[in-house]
Every structure is written in C-alpha cells, then in structure tokens.
Amino acid sequence: MRISDCGFNEILNKALVTGDLSREEIVFLLSLEDEADVKRLLETADAVRQACVGDDVYIRGLIEFSNMCARNCSYCGIRADNPDVHRYRMPIDEIIETAEHVVSKGIGTIVLQSGEDPWFTADRMREIIRGIKARADCAITLSIGERTYDEYKAMKEAGADRFLLRHETAVRSLYEKLHPDCSFDERQRCLNDLKSLGYQVGAGCMVGLPWQTVEDMAEDIVFVRDLNADMVGIGPFIPHPGTPLGDHPAGTLAQTLKMVALARIATRNGLLPATTAVGSIDPFGREKALKAGANVVMPNYTPLKYRVDYEIYPDKKCINEDPEQCHGCMQARILSTGRTIGTGPGHSLKHLR
Ligand code: SAH
C-alpha cells in the first residue's frame, strides 16, 4: 500500500491520540522499512507509553517451576516429544521458598510458569498460591497453560491475581498448523474464562513465525485490542533445533519492535513486557523494547540447577546466570533507559478502572 507523507502523518497522529487504527493502517505501519519512518513509529509508541502509563518499569520475578509438558507446540523446545530435555519439577516447598526470597528483594509480582504439567493439579497450585501469599506480600501471575473453568476458578479463589496465556497467533489456520494437538477455540475459551473470572489477563504472540504474514500480525494487534488485554507479551520466534520448526529463520528485532509499538498504541495503558526472547536475539533488545512502548521486565529467578533445562528456545538470555546477578543487571538496564523502577504490585490500570 502506498500512503503519501501527509497520510503517514495523519496515521501517526491517530496512533498518538486514540490508537484506533484500521487493519489497513496497522499493516501499513508494520510494513515500514525506511529507518526514519520506523523511528517515528517507535517514538510515537514511546509517547503513548509516557502519557498512558508513565515512566515506571515493573519488575516481575519469573520462576519456571516445571518443564514437564503434555503438549507438542511445534516451535517449543520443551514440547512433549523432544526426548533430549532433562525434565524437572520443583518441589512445592522450594517454589514457595524461592518466591519468598524474590519478594524479599523488593519485587512485587511472582510469575509462576511451567509447561502443561498435569501433576500440578488445581489443588497443588492452590497450596503453592496460598503458601506464597501467607509468607510474602505480592501479586501472583500464573502461566501454566490451558485448564478448565473450574480449575481457573479454584486458583483465582486461592489468591492468584493474573494469568498469562499467549494467544500465540490470532489466525486460526496458522494456529492449527503450529499446534497439531490443540484447538484454536479452546485457547479462546480459556482466555474468555480467565477474563470472566476476574483475572488480569495477558495474551500475546510470537513475531516472525513460519508462514506468518504482516496481515497475520495485524490480526494479533486487533485481537489484543478487542480482548482489552491487561498484558501483552510479544517476542520473536526463535527456532529450536529439537523441534519440527528448527530450520526456519528467527523473527527479527525490527519486526518485533514494530509489533511492541503497535501493541502499545492499540492497548494504551496495557502492561507490555520487554521479553526475554527479544533480549535473546539482540544484547540490547529489552532496552530497545522499553523505548518502543514496553513497561515491564521479567527477569528469571528460577534456581540455576533447573533453569538450564527450561530451554523453550536456544541461547535463552541469562540461562547460565546466577539469579542474584540478574537482579542487579535488570535494574541497571532499566535505569540506563532513563526510566524509573516501579514499586508495589503494578496491577493493570485497566483493571482498576
Ligand atoms: N505452557 C505455558 C507457558 C508456555 S512458555 C502456556 O501454554 O502458556 C511461554 C511462551 O514462550 C509461549 O507462550 C510461547 O509464546 C513462547 N515460546 C515458546 N517457544 C518459543 C520459541 N521457540 N521462540 C519464541 N518464543 C517461544
């Protein structure tokens, strides 16, 4: 699509003021190639971020408590059929103790992530959630995949505040191609259940997936806007050699930053992480994402002996580093971008309204 300079100004102005862009306009912005034009897009997103959520960057402490997984997502390194993964489950006591330690560092949210591990029943998750809440003053985000309404309800009642369940791609045919053993409708059902149960809900997608077009990516932006997602995690696809997609090229930094910018423009006051994946394809990927609309970081606090085995993609940032080092490193990175570190739980502003 060719849009005149004057049209470009008009679209950027709309992006700044309302974010109410059409699919066509989103495709146009995602297709920008000229460096100066892309810079203007990212700066517009940064201005929206400044106006809608301010300068605070929230730090969430990530604990990857199990890499057991029943599913076979064709991009993911810990998929069930990958025989080369050394599988682990952290004991419940150790999960609670790790969370307590992270909160003692001044971090207000614990993110509990795992593969789809049925051993962690809703009852066991409740024990973990209650154990953490009894010992530490923090918000809890779960990222454990698809469950029934009743399980989500039980975990919410036990005190879970938020749930991250990336929609992965909003295009049904692409979703089905990437998830041979799952259903697009079921993923949507989960997101809707989580919303109706009062969780702050995080959706999100990968950028540069095999077969994905800019039109597909525009669907992701429209999707998170329509869902009114509280959080949106966006990272590049990174091929893992132990998966069926191991030979495909990775998503690029440039395209990922444009998607983060569009997500900011579309969600206005959403919580947008500068993801570990974007930090894994570029040494300053997270700082660049923070300047393109992001306002959250999720450093990894998984004990070192486990984290080496949570390899959803290769060369994952900090996979060999001591959690203590990550703590200082992340704070320095935030401050280097001229931003401030958020205190408290950093709840969704959408939810408070
Ligand atoms: N089992 C949980 C958590 C999955 S891991 C769930 O289903 O929600 C968290 C995210 O990592 C996934 O949602 C996916 O978007 C991302 N991911 C997995 N493999 C990846 C890869 N090869 N490259 C980039 N991101 C990947």
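Residues numbered from 1 in each chain as written. Predicted model: local features only at pLDDT ≥ 70, side-chain atom pairs only at ≥ 80, totals over all residues. Heavy atoms only, no water.

J.: An account of helix 6 (residues 149–157) is needed here, citing residue identities and associated values.
T.: Among all positions of helix 6, only Tyr152, Ala154 and Met155 are buried. Seen end-on, helix 6 carries its buried residues on one side only, within an arc spanning 160°. Seen from the open side of helix 6, the exposed residues pointing more than 90 degrees away from its buried face are Asp150 and Glu157. Those residues of helix 6 hidden inside the fold are in contact with helix 5 (122–135), strand 3 (139–143), strand 4 (162–164) and helix 8 (184–196). Looking one or two residues beyond helix 6, the residue adopting positive phi is glycine 159, at roughly 125°. (Buried < 20%, exposed > 50% of the residue type's maximum accessible area, 1.4 Å probe, protein only. Helix = DSSP H or I, 4+ residues; strand = E, 2+ residues; numbered from the N terminus. Arc of directions from axis to C-beta. Contact = heavy atoms within 4.5 Å.)

J.: If you had to explain the site of the ligand to someone new, which residues and values would you point to?
T.: Tyr75, Ser114, Arg166, Glu168 and Ile238 are the nearest of the 18 residues found near the ligand. Between the ligand and tyrosine 75 there is a distance of 2.9 Å, counted from a nitrogen atom to a backbone nitrogen or oxygen. Here the ligand loses 91% of its free accessible area of 560 Å² to cover by the protein chains. When grouped by side-chain class, the residues that make up the shell around the ligand number 9 nonpolar, 5 polar and 4 charged. (Near = heavy atom within 4 Å. Polar contact = N/O pair within 3.5 Å; in protein donor to acceptor, adjacent residues only side chain to side chain. Areas by Shrake-Rupley, 256 points an atom, 1.4 Å probe, with all protein chains shown as cover. Nonpolar A, V, L, I, M, F, W, Y, C, P; charged D, E, K, R; others polar.)

J.: Lay out helix 10 (residues 253–267) with the relevant residues and their values.
T.: Between its terminal C-alpha atoms helix 10 stretches 21 Å, which fits the 21 Å expected from 15 residues at 1.5 Å a residue. Counting buried residues in helix 10 gives 14 out of 15 residues, a clear majority hidden from the surface. In the segment just after helix 10, arginine 268 is the residue with positive phi, at about 60°. (Expected span 1.5 Å × (residues − 1).)

J.: Which residues make up the pattern of salt bridges, and what are the values?
T.: Scanning the entire structure with this criterion turns up 23 salt bridges. Note that lysine 305 and glutamate 94 form a salt bridge whose closest N and O atoms lie 3.7 Å from each other. Taken together, the residues lysine 305 in helix 13 (residues 304–307) and glutamate 94 in helix 4 (residues 92–104) connect sequence positions 211 residues apart. With a relative accessible area of 56%, lysine 305 lands in the exposed category. Note that glutamate 176 and arginine 172 form a salt bridge whose closest N and O atoms lie 3.9 Å from each other. Note that glutamate 176 and arginine 172 are positioned in helix 7 (residues 172–178) at a spacing of 4 residues, about one turn of the helix. Overall, arginine 172 belongs to the partly exposed group, its relative accessible area being 38%. Via salt bridges that share partners, Arg71, Glu116, Glu146, Glu168 and Arg187 belong to a single interconnected network. (Salt bridge = Lys/Arg side-chain N within 4 Å of Asp/Glu carboxyl O.)

J.: Please provide a residue-by-residue account of the packing of aromatic side chains, values included.
T.: Overall, the coordinates contain 8 aromatic pairs when judged by the stated rule. Ring geometry for tyrosine 152 versus phenylalanine 163: centroids 5.0 Å apart, planes at 75°, classification edge-to-face. One end of the pair, tyrosine 152, is in helix 6; the other, phenylalanine 163, is in strand 4, and 11 residues separate them in sequence. The pair tyrosine 152 / phenylalanine 163 is uniform in exposure class, with both members buried. Taken together, Phe65, Trp119 and Phe120 form an aromatic cluster joined through their ring pairs. Its end group placed over the ring of tryptophan 119, arginine 124 keeps NZ or CZ at 3.8 Å from the ring centre. A cation over an aromatic ring shows up here: lysine 177 above the ring of tryptophan 211, its NZ or CZ 4.3 Å from the ring centre. (Phe/Tyr/Trp six-rings, centres within 6.5 Å; stacked < 30°, edge-to-face > 60°. Lys NZ or Arg CZ within 6 Å of the ring centre and 35° of its normal.)

J.: Could you give an account of the packing of helix 3 (residues 35–53) against helix 10, naming the residues involved and the relevant values?
T.: Contact geometry of helix 3 with helix 10 gives a least axis separation of 9 Å together with a crossing angle of 40°. In terms of orientation, helix 3 lies oblique with respect to helix 10. Here the hand of the crossing between helix 3 and helix 10 comes out left-handed. Seen from helix 3, the contacting residues are Val38, Leu41, Leu42, Thr44, Ala45, Val48, Arg49 and Val53; seen from helix 10, they are Leu257, Lys258, Ala261, Leu262, Arg264 and Ile265. Residue composition of the contact of helix 3 with helix 10, by class: 10 nonpolar, 1 polar and 3 charged. (Axes fitted to C-alpha atoms, helices over the stretch in contact; angles between N-to-C directions. Parallel < 35°, antiparallel > 145°, perpendicular 65-115°, else oblique. Left-handed = near helix turned anticlockwise from the far one by under 90°.)

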